[in-house]
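Topology and contacts: notes
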Amino acid sequence: MNTSERLIESTRELLWERGYVGTSPKAILERAGAGQGSMYHHFKGKPDLALAAVRRTAQEMRATAEAVLGGPGTPYERIEAYLTRERDVLRGCPVGRLTMDPEVIASEELRAPVDETIAAIRERIAAIVEEGKRQGRFAPGLDGQDIAAAALATVQGGYVLARASGSPAAFDAGVRGLLSLLAAPDPGRQD
C-alpha cells in the first residue's frame, strides 16, 4: 500500500473511532506510518484527506449494501440479508458516525457523500419493497419509501442502542421486530 493509500485508510479508521475533530493530522501520520510532509504532498490538508476517506467509506458501504440487496432471493430475503448481514455492531456504523459529527454536517462537501450513500441505500430498499408488492409478496398498502426509511432507522438506531447497552442484542431485537412487521400478512388480503 502506497503512502497515499495508507493516509486514506488511517483517516477512515480515525474518523470512525474519533470523529473529525478528534482526528488530528499528527494521529493520521502516526497511524499511517508516514512522515510529516506526506499528507501535504498527497493532499491539500486535513479537509482534503478527510473527504477522500469519507468518499471511500461511503463507496464501500454502498458496495456492501448492494452486494446483499442485489443478490439472489425474494424481496423479503434480500431485505433480510441486508438487515442481518454481519456487522461490528458495537463499533457502530462508519457512515452513521459521520452524521453525528458537527464538523462533517457543517461541511457540504464532507456531508455530500454521506447523504448520497444513505439516499442510495434508501432508494434501493424502496425499489425492492415496490418489487415485492408487484409480486404480491408484500401488503399492497406498504409504502416503499416508508419501509426503506424504517430499515435505515432500525440499522442506525440499532447501532446506538447496542453501543449504549454494550450488547448487540438491542440491534438484533430491532431487526427482528422490523422483519416481523414486514413479513406480517396483509390484514385486507382474502386468501
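The coordinates are above.
Everything in this summary refers to the structure shown in the same document. (Residues numbered from 1 in each chain as written. Predicted model: local features only at pLDDT ≥ 70, side-chain atom pairs only at ≥ 80, totals over all residues. Heavy atoms only, no water.)

1. Considering empty space enclosed by the protein
To find leftover empty space, one rolls a probe the size of a water molecule over the atoms. Taken as a whole, this structure holds one cavity of 30 Å³ or more when the rule is applied. For the largest cavity, the calculated volume is near 30 Å³. Those elements that provide at least two residues to the lining of the largest cavity are α1 (3-18), α4 (46-69) and α6 (94-99). By residue class, the composition of the lining of the largest cavity is six nonpolar, one polar and one charged. (1 Å grid on protein atoms, 1.4 Å probe; cavity = no way out; pocket = protein on both sides within 12 Å on 5 of 7 lines; lining within 4 Å. Points joined across faces, edges and corners; volume = space filled by probe spheres on them. Helix = DSSP H or I, 4+ residues; strand = E, 2+ residues; numbered from the N terminus. Nonpolar A, V, L, I, M, F, W, Y, C, P; charged D, E, K, R; others polar.)

2. Focus: helix α2 (residues 25-32)
Within the span of α2, buried status applies to A27, I28, L29 and A32. Here the buried face of α2 lies against α1, α3 (38-42) and α4. Just downstream of α2, G33 is the residue with a positive phi angle, here 65 degrees. (Buried < 20%, exposed > 50% of the residue type's maximum accessible area, 1.4 Å probe, protein only. Contact = heavy atoms within 4.5 Å.)

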